[in-house]
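# Notes for the structure review
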Amino acid sequence: NWFRRHVLHTNRDKQDWTFKEVLIGLYNHFVNAATMQEAHEAFRTAVYDARMGIQTFYEELIGHAQNMAVYLDEFTIWETFLDGILAEMHHALICDDNLSPEVNAVTEFLVYAIKYEQSAHTAMHYDQHSSRHAQGHHQSLKVGTFLAKHSEME
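Figured I'd write up the structure that's included with this text.

## A closer look at the overall build of the chain
- On a plain count of helices and strands, the chain comes out with nine helices and zero strands.
- In sequence order, the secondary structure elements of the chain are arranged as α-α-α-α-α-α-α-α-α.
- Burial analysis of the chain (154 residues in total) assigns 24% to the buried set.
- The long-range share in the chain, meaning contacts at least 24 apart out of those at least 6 apart in sequence, stands at 50%.
- For the chain, the exposed surface amounts to about 11,500 Å²; the carbon and sulfur share of it is 55%.

Here it is as structure tokens:
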């Protein structure tokens, strides 16, 4: 409607438009401060949903950041990413995988978070489908005992 009335209509106020002027006019008409605030609020309140996955959560954050007037810095994205994921995953990325915001980019955190998520899905699958585990016959075997017996046999 705006485009037709202001750019195409025969009785328009401005007769000659450049491509850049049309884009700026469309932007000014459709994008407003409320839209930017909504993007910021959506970014700030986004959280990880295990059903959707970590990649979707990351893409959601980046999508909201791109909808803001000023793109966020890497640290803010990293901080929101870590605040939005599960505490167990957060702990594993920092403690087990030795990741640090001072050294690693948010995309590196994402790669390790995807691996964590895949491992968790695999473990849950085998826990649920193990016949010994399901029947209560699951025998825990300590790694140290196993290694000690294995080295005695060699």
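Resuming the write-up.
## Digging into the packing of helix H4 (residues 54–66) against helix H7 (residues 106–129)
- One way to put it is that H4 packs onto H7 with a least axis distance of 9 Å and a crossing angle of 155°. Relative to H7, the element H4 lies roughly antiparallel. Counting all contacts with H4, which are made through Ile54, Gln55 and Tyr58, the residues of H7 involved are Val106, Thr107, Leu110, Ala113, Ile114 and Glu117.
- Each residue belonging to the contact of H4 with H7 can be placed in one class, and the counts come to six nonpolar, two polar and one charged.

## Concerning the pattern of salt bridges
- Evaluation of the coordinates by the stated rule reveals three salt bridges.
- With its nearest N and O atoms 2.8 Å apart, the salt bridge here joins Arg44 to Glu41. In this pair, Arg44 and Glu41 are both assigned in helix H3 (residues 33–45), three residues apart and thus about one turn of the helix distant.
- Across the pair Asp49 and Arg51 runs a salt bridge whose closest N-O atoms are separated by 3.0 Å.

## Digging into the packing of aromatic side chains
- Using the criterion set out here, one finds five aromatic pairs in the structure.
- When the ring of Trp2 is compared with that of Trp17, the centres are 5.9 Å apart and the planes differ by 75°; the resulting orientation is edge-to-face. Linking Trp2 in helix H1 (residues 2–8) with Trp17 in the loop between H1 and helix H2 (19–30), this pair joins segments that are 15 residues apart in sequence.
- For Trp2, a relative accessible area of 9% gives the class buried.
- When its relative accessible area of 26% is taken as the criterion, Trp17 is described as partly exposed.
- Measuring from centroid to centroid gives 5.7 Å for Trp78 and Phe109, while their planes differ by 70°, and the two rings are edge-to-face. Placement of Trp78 in helix H5 (residues 74–84) and of Phe109 in helix H7 is noted, with a sequence separation of 31 residues between them.
- Residue Trp78 is classed as buried on the basis of its relative accessible area of 11%.
- Taken together, Phe57, Tyr58 and Phe81 form an aromatic cluster joined through their ring pairs.
- The ring of Trp17 carries the charged tip of Lys14 above its face, separated from the ring centre by 5.7 Å.
- Note that Lys115 overlies the ring of Tyr112, its terminal NZ or CZ placed 5.1 Å from the centroid.

What counts, and where the lines are drawn
Residues numbered from 1 in each chain as written. Predicted model: local features only at pLDDT ≥ 70, side-chain atom pairs only at ≥ 80, totals over all residues. Heavy atoms only, no water. Helix = DSSP H or I, 4+ residues; strand = E, 2+ residues; numbered from the N terminus. Buried < 20%, exposed > 50% of the residue type's maximum accessible area, 1.4 Å probe, protein only. Contact = heavy atoms within 4.5 Å. Areas by Shrake-Rupley, 256 points an atom, 1.4 Å probe, with all protein chains shown as cover. Axes fitted to C-alpha atoms, helices over the stretch in contact; angles between N-to-C directions. Parallel < 35°, antiparallel > 145°, perpendicular 65-115°, else oblique. Nonpolar A, V, L, I, M, F, W, Y, C, P; charged D, E, K, R; others polar. Salt bridge = Lys/Arg side-chain N within 4 Å of Asp/Glu carboxyl O. Phe/Tyr/Trp six-rings, centres within 6.5 Å; stacked < 30°, edge-to-face > 60°. Lys NZ or Arg CZ within 6 Å of the ring centre and 35° of its normal.

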